[in-house]
Structure formats: structure tokens, C-alpha cells
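# Analysis of the macromolecular model
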Amino acid sequence: MIDLYTWTTPNGHKVHIMLEEIGLEYTAHPINIGKGDQFGEDFLKISPNNKIPAMVDQDGPNGKPYAMFESGAMLIYLAEKTGRLLPEDTVKRHDVMQWLMFQMASVGPMLGQAHHFNRYAPEKIEYAVKRYENEANRIYGVMDRRLAEHKFLAGNDYSIADIATWPWLRSAETQGVNIDDYPNVRRWFEMIGDRDNVKAGLRVLQDHKTDLTDNEAFENMFGNKQYEKR
């Protein structure tokens, strides 16, 4: 039913986990971002921003195939399609949407930058490292305070907000974060990581890796390749 074009990144894992949680039939098609598959003409028809994941629901609205890009939008679409993991109650629904937007606007971009400047930047830029590590720790603090009062990010029910956020916290150390400093986040992280469907989502394409010691891969992901006019 779902053709998923993806790779083993936090944004890819979001949708892998979601599809396992809701039980929809899907096929995962690897888009090797180290080899530059994301710049291919066919993929750009589905994902004009040349980012993974993207998908085609072969049984979309009005029974017709429907293509989507942007992982947050995909989570909302899949939740609405199945009536799962996004409440119908207005207040609870908006609670979920707020924390989903928090992931998309803060967790992903800022933790991703902390990870990049700590692990992949070709030169050590102390200002960048400190800025993004500080922001990463601030974000963990926001979540820790929230999770001190709630079982899950959006309240007492597991939702797409948790699914969107959890994969980004798997690399706390390279974000300059000691997760033990945030006990409520640690409790939440371990609880979600124990879910069978989360484990299944992490196994999707698990043998597919990006070797960033390879110059071509580094260029495709962080170099000028992505800025070419298309």
C-alpha cells in the first residue's frame, strides 16, 4: 500500500517506526544519500526538496496514488489515515501538534547541527560547537521539564510527537549532551526504545549505512552537490 523512499537517518526512522506502529503494509526503497540517490529525477518528482523520507500511498485520497515529502507531514497523514496516534479531542490534538512542531523546528535542526559540528565538520569551529551544544542541552531541558509532569511529550498518551522526537535522541553524546543529566528524558527514551514496533522500525534497512569517510558521500551530503541547479 505504501511505497516508502528512505534511508537510515532520524527522519527516516520516524516514518519506519510510525508504519510499524500503525501496521500498514509498506515497502521500503533505499535512497542512498551517500551515493546521491536523492538528486535523481524520479525521486525529485516525489520529494522536490531532495530530502528523505518520501512516500507514495497507492491507496491515497479518492483511491488514487498520493505522493508526500516532509516527515512531519507524513506522520500527520498516516495518523489521520488510520485514526491512530493523533487524538480526535481538540485540546489533546493540539497538544500533540505543538510538540510535533517543536521537534520539527527545534529538536531536529538544532540537535542535527550539534551532531554535525561535533562529528562531521572538516575543521573544529569552537564557536559553532559551543553554540549548538548549548542549544541541544537547552532543548533537552525543555523536554525534561515537560516529562517531569507527563508520561509522554504531549500528555499521557503515546503519539506522533514521541515518534518524531525519539530517533533524534539516539546520539546524545555526539550532541554534547549527557542524557543522565535529564532523568525524565532518559526514562521516556528508554520506555519508548523498549517498544517492539520501535525496535522493528530501527531494523528497516539496517544493513544500509553511509560511510562519510568516503569523499563522494561527504560531498553528496554536505558539499556543493546539493546546491547545484536542478
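Residues numbered from 1 in each chain as written. Predicted model: local features only at pLDDT ≥ 70, side-chain atom pairs only at ≥ 80, totals over all residues. Heavy atoms only, no water.

As annotated in an unreviewed UniProt entry, the chain carries the name Glutathione S-transferase and comes from Salinisphaera orenii MK-B5.

### Some points on the overall build of the chain
Defined as follows: Segments assigned H or I by DSSP are reported as helices when at least four residues long, segments assigned E as strands when at least two residues long, and all are numbered from the N terminus. The reference for a compact globule is 2.2 Å times residues^0.38; the radius of gyration itself is calculated from the C-alpha atoms. Throughout this description, buried means an accessible area under 20% of the type-specific maximum (1.4 Å probe, protein chains only), exposed means over 50%, and partly exposed covers the range between. Only heavy atoms matter for contacts: two residues are in contact if any of them lie within 4.5 Å across the pair. In summary, the charge assignment counts Lys and Arg as positive and Asp and Glu as negative, without counting His or the chain termini. Taken as the charge centre is NZ of Lys, CZ of Arg, CG of Asp or CD of Glu, depending on the residue.
Helix and strand counts for the chain stand at nine helices and four strands. Going from N to C terminus, the chain has its helices and strands arranged as β-α-β-α-β-β-α-α-α-α-α-α-α. A compact globule built from 230 residues should have a C-alpha radius of gyration of about 17 Å, and the chain, at 18 Å, falls within 12% of that. If you line up the chain on its principal axes, its C-alpha atoms span 50 × 45 × 30 Å. Within the chain, the fraction of its 230 residues that count as buried is 48%. Residue pairs at least 24 apart in sequence account for 65% of intrachain contacts in the chain once pairs closer than 6 positions are excluded. Of the charged side chains in the chain, 27 are positive and 34 negative; the average position of the first set lies 2 Å away from that of the second.

### A look at the pattern of salt bridges
Put simply, the test is: One speaks of a salt bridge when a side-chain nitrogen belonging to Lys or Arg is within 4 Å of a carboxyl oxygen belonging to Asp or Glu.
Going through the model one piece at a time under the given rule, you end up with nine salt bridges. Between Lys-45 and Asp-42 there is a salt bridge, with the nearest N and O atoms lying 3.9 Å from each other. Pair noted here: Lys-45 and Asp-42 are both in helix 2 (residues 41–46), with a separation of three residues, about one helical turn. For the pair Lys-45 and Asp-42, a shared accessibility class is recorded, and that class is exposed. Put simply, Asp-57 and Lys-81 hold a salt bridge, and the shortest N to O gap is 2.9 Å.

### A short note on the packing of aromatic side chains
For the record, the criterion: Two rings belonging to Phe, Tyr or Trp (six-membered ring only in the last case) form a pair when the distance between their centres is within 6.5 Å. Interplanar angles under 30 degrees mark stacking, angles over 60 mark edge-to-face geometry, and anything in between is tilted. By the criterion adopted, a ring carries a charge over it if an Arg CZ or a Lys NZ lies within 6 Å of its centre and within 35 degrees of its normal.
Applying the stated criterion to the full structure yields eight aromatic pairs. For the ring pair Phe-117 and Tyr-132, a centre distance of 5.7 Å and an interplane angle of 0° mean the geometry is stacked. Residue Phe-117 is found in helix 4 (residues 90–119), and its partner Tyr-132 is found in helix 5 (residues 126–147); the two are separated by 15 residues along the sequence. Across the pair, exposure class does not vary: Phe-117 and Tyr-132 are buried alike. An aromatic cluster is present here, built from Tyr-120, Phe-218 and Phe-222 joined pairwise through their rings. The positively charged end of Arg-195 is found above the aromatic ring belonging to Tyr-158, 3.8 Å away from the centroid.

### Description of the sheet that holds strand 2 (residues 26–30)
Note the threshold: When DSSP finds two or more bridges between two strands, those strands count as paired. Axis angles are defined between N-to-C directions and span 0 to 180 degrees, where every axis is a line fitted to C-alpha atoms and, for a helix, only to the segment in contact.
An order of 2-1-3-4 is seen for the four strands of this open sheet, with the pairing classed as mixed. Unpaired on one side and paired on the other, strand 2 and strand 4 (66–69) mark the two borders of the sheet. When the angles between neighbouring strand axes are averaged without regard to direction, this sheet yields 20°. Relative to strand 4, strand 3 (residues 54–57) is paired through four bridges, and the arrangement is antiparallel. Bridge assignment links Met-55 to a residue of strand 4, and that residue is Met-68. Packing against the sheet, helix 1 (residues 10–22) makes contact with strand 1 (2–6) and strand 2, and its axis sits at approximately 155° to strand 1.

### Topic: the UniProt feature "domain: GST N-terminal" (unreviewed entry) in the chain
As a reminder of what qualifies: UniProt positions are given in the numbering used here, feature names are shortened, and annotations may be inferred rather than shown by experiment.
Here the UniProt feature "domain: GST N-terminal" (unreviewed entry) sits at residues 1–86. Secondary structure across residues 1–86 comprises 36% helix and 21% strand; the distance between its end C-alpha atoms is 21 Å.

### Let's talk about the domain arrangement of the chain
To keep it simple, the criterion reads: Residue ranges assigned to each domain were obtained from an automatic or database domain assignment. Here the quantity called buried area is the accessible surface, traced with a 1.4 Å probe, that two parts lose on coming together, added over both. For this analysis, a polar contact is any N or O atom pair within 3.5 Å, provided that within protein one partner can donate a hydrogen and the other can accept it, and provided that sequence-adjacent residues contribute only side-chain to side-chain pairs. Under the grouping applied here, Gly and all other residues not named as nonpolar or charged are polar, the nonpolar ones being Ala, Val, Leu, Ile, Met, Phe, Trp, Tyr, Cys and Pro and the charged ones Asp, Glu, Lys and Arg.
By the assigned domains, the chain splits into domain 1 (1–82 + 198–224) and domain 2 (88–193). For domain 1 and domain 2, the distance between their C-alpha centres works out to 21 Å. Between domain 1 and domain 2, the residue contacts involve 18 residues of the former and 19 residues of the latter. Here domain 1 and domain 2 share an interface that buries about 1500 Å² over both sides, 76% of which is from carbon and sulfur atoms. Our count for the domain 1 to domain 2 interface comes out at one salt bridge. Connecting domain 1 to domain 2 are four residue pairs in polar contact (both at pLDDT 80 or more). Of all elements in the fold, only helix 1, helix 3 (71–82), helix 8 (196–202) and helix 9 (215–222) reach the threshold of two or more residues within the side of domain 1 that touches domain 2. When residues of the side of domain 1 that touches domain 2 are assigned to their parent elements, the largest contribution, seven residues, is made by helix 1. For the side of domain 1 that touches domain 2, a count of residues per class yields 11 nonpolar, three polar and four charged.

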